[in-house]
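Letter by letter, the chains look like this.
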Amino acid sequence: MADAAPVERLRIDRLIPGGDGFARGDDGRPVFAAGAAPGDLIELRSVSDRGGYRRATDYQIVEPSADRVTPACPYGQRCGGCDFMHLSVQAQRQAKRTIVLEALKRTAGVEWTAGLPIVTAGEPVGYRRRIRLHVDRDGAVGYYQAGTHSIVAIEHCLVAEAGVNDVLRAVVGLEPPHRAHLAKFERLDMAVGDRSAYIHLTPRRRTTRAQARAARSALADALDPIRVTSPRHAGDALKLALAGQHLLVPSGAFFQVNWSVNQAIVSAVLDAAERLHLHTFCDVYCGAGNFSLPLLGAGLTGVGFDRTRSAISSAGRAAKAQRLRGEFLAGDAREVIQQLAKAGRRFDMVVLDPPRAGAKDVIRDLPQLRPKYVLMCACDPVTFARDAKLLADNGAELVELTAFDMFPQTHHVEVLGLFRVSDN
Ligand SMILES: C[S@@+](CC[C@H](N)C(=O)[O-])C[C@H]1O[C@@H](n2cnc3c(N)ncnc32)[C@H](O)[C@@H]1O
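Residues numbered from 1 in each chain as written. Predicted model: local features only at pLDDT ≥ 70, side-chain atom pairs only at ≥ 80, totals over all residues. Heavy atoms only, no water.

## Some words on empty space enclosed by the protein
Link 1 in the chain: Under the criterion given, the structure shown has two cavities of 30 Å³ or more.
Link 2 in the chain: Each pocket or cavity is described by its volume, and for the largest cavity that value is around 60 Å³.
Link 3 in the chain: If you trace the largest cavity, you find it lined by Ile-363, Leu-366, Pro-367, Pro-371, Val-374, Leu-391, Asn-394, Ala-396 and Val-421.
Link 4 in the chain: Its residues assigned to classes, the lining of the largest cavity comprises eight nonpolar, one polar and no charged.
Link 5 in the chain: Its volume calculated, the second largest cavity comes out at about 50 Å³.
Link 6 in the chain: For the lining of the second largest cavity, the secondary-structure elements that each account for two or more residues are β20 (373-378) and α10 (381-393).
Link 7 in the chain: In terms of residues, the lining of the second largest cavity owes the most to one element, β20, which gives three residues.
Link 8 in the chain: For the lining of the second largest cavity, a count of residues per class yields six nonpolar, two polar and three charged. (1 Å grid on protein atoms, 1.4 Å probe; cavity = no way out; pocket = protein on both sides within 12 Å on 5 of 7 lines; lining within 4 Å. Points joined across faces, edges and corners; volume = space filled by probe spheres on them. Nonpolar A, V, L, I, M, F, W, Y, C, P; charged D, E, K, R; others polar. Helix = DSSP H or I, 4+ residues; strand = E, 2+ residues; numbered from the N terminus.)

## Describing the domain arrangement of the protein chain
Quite often, the size of an interface is put as the accessible area lost when its parts meet.
Link 1 in the chain: Here the protein chain is partitioned into domain 1 (9-63), domain 2 (130-192 + 197-229) and domain 3 (238-421).
Link 2 in the chain: One C-alpha centre belongs to domain 1, the other to domain 2, and the line joining them spans 37 Å. (Domains from an automatic or database assignment.)

## With respect to unusual backbone geometry
Link 1 in the chain: Cis geometry is adopted by the peptide bond preceding Pro-225, which originates at Asp-224 and carries an omega value of 15 degrees.
Link 2 in the chain: Of note, Pro-225 is situated in the loop between α4 (209-223) and β13 (227-229).
Link 3 in the chain: Residue Ala-243 is not a glycine yet carries a positive backbone phi of 50 degrees.
Link 4 in the chain: Along the chain, Ala-243 falls in the loop between β14 (238-242) and β15 (245-249).
Link 5 in the chain: Under the relative-accessibility criterion, Ala-243 is labelled partly exposed at 42%. (Buried < 20%, exposed > 50% of the residue type's maximum accessible area, 1.4 Å probe, protein only.)

## Details of the sheet that holds β20
Strands belonging to one sheet form pairs held by backbone hydrogen bonds; the direction of such a pair is parallel or antiparallel.
Link 1 in the chain: On the basis of which strands lie adjacent, the open sheet formed by eight strands has the order β7-β21-β22-β20-β19-β16-β17-β18 and mixed pairing. Edge positions in the open sheet fall to β7 (118-119) and β18 (327-330), since each of these has one partner strand only.
Link 2 in the chain: Of the strands in this sheet, β20, β21 (396-404) and β22 (414-421) touch α10, which is tilted by about 5 degrees from β22. (Pairing = 2+ DSSP bridges. Contact = heavy atoms within 4.5 Å. Axes fitted to C-alpha atoms, helices over the stretch in contact; angles between N-to-C directions.)

## Considering the site of the ligand
Link 1 in the chain: Around the ligand there are 16 residues in total, and Gln-256, Asp-306, Thr-308, Asp-332 and Ala-333 lie nearest to it.
Link 2 in the chain: Between the ligand and the protein, one listed contact pairs a nitrogen atom with a side-chain N or O atom of Asp-332 at 2.9 Å.
Link 3 in the chain: Taken together, the residues of the shell around the ligand sort by class into seven nonpolar, five polar and four charged. (Near = heavy atom within 4 Å. Polar contact = N/O pair within 3.5 Å; in protein donor to acceptor, adjacent residues only side chain to side chain.)

## Observations regarding the packing of aromatic side chains
Link 1 in the chain: Across all of its chains, the model carries four aromatic pairs by this definition.
Link 2 in the chain: Plain terms: the ring middles of Phe-384 and Phe-419 are 6.2 Å apart, the flat faces sit at 45 degrees to each other, and that makes the pair tilted. Residue Phe-384 is located in helix α10, and its partner Phe-419 is located in strand β22; the two are separated by 35 residues in the primary sequence.
Link 3 in the chain: What makes Phe-384 buried here is its relative accessible area of 1%.
Link 4 in the chain: Taken together through their ring pairs, the aromatic side chains of Phe-22, Phe-32 and Tyr-53 make up a single cluster.
Link 5 in the chain: Between the NZ or CZ atom of Arg-130 and the centre of the ring of Phe-255, over which it lies, the distance is 5.4 Å. (Phe/Tyr/Trp six-rings, centres within 6.5 Å; stacked < 30°, edge-to-face > 60°. Lys NZ or Arg CZ within 6 Å of the ring centre and 35° of its normal.)

If you want it as structure tokens, here you go:
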């Protein structure tokens, strides 16, 4: 009879970008374990062998880490939304620090020893101003279970703001005929501003336009005064107070999910501008003016641009309503930068707040704008590190680094880097 395979017990060393636990296996190769905590002693039950590393597909916790807590959310074990809810908030923040520093070291080759503050603001629950839910064939709404497309129906979301939960409660409370209307859609985006809220409904592939229109209109009647729209036929903008100004965010356009932490990031950008005596800015990927409007309000002059036309026209409207003189341009970031450079425009500072894919398409062209400083914000530390390296290759040195706990209960973290440009 063959001997039973030896039991392999591993101590989780740390959490890595993406949120998995990292341990060194008995054969010396890395083992990654989702849902682990630093310090857990785990016993592997099954693994998937990927050559250079193994992924634990099933494991038992033999000795739990002292960082573990019971998830506060009743859906916590099943819902794939919050992958750090099994960690204390302090441990989450420590893990995020490690993740940012490791990403910088591995991807950018930067050993950052100057300390990494992690800024928090507001509460670690009840912070999200917008959420995206999926709808099942019976009209129940929820998040996907981790790694699957199975919907875990929810009635409340612990990390969503009270206003979002009010909208969710109204949806969950719909009577059965409206459930059938809801089932015509596959996705539901909810967002709340200071005084209004909207729901965007994205139809299933099989739903005809006429069916979607009729179902949307029935749901709008049932959910009044919540606006029910489609991403393609967006309604009025949400108004959001920020740094003594306000933004107007058209439905469907991007805005930061955690408003308290967003205010802290905007304050950090304003503080850098003041401290470094910067007078002009170029806000690449400006959205509805999240950085541009406060910078204009602080007396700087500058240009913001974004490819989302509705966001740009809202930024222009908000600036005008607040008597701020800003220039907002709709277009692809790289093309606008090239046009500005051709026109001989120069800016003291460039603000880069790119989408998840990062800013690699524009970094090579930035020196043409002759900035003294670049402030780059990113929600993915690995992409941030990749772009930090590109910036360094283009003469911009990372001089300050701050992490912001924008997404508590998840492995996601926002990073803000200040880069000083040589020769300017
Ligand atoms: C992370 S959001 C930041 C928006 C804004 N800075 C804020 O804080 O609300 C990224 C923005 O980049 C815009 N975007 C994505 N790709 C772009 C491109 N190639 N050119 C211009 N804008 C782009 C999106 O429309 C989105 O508004």
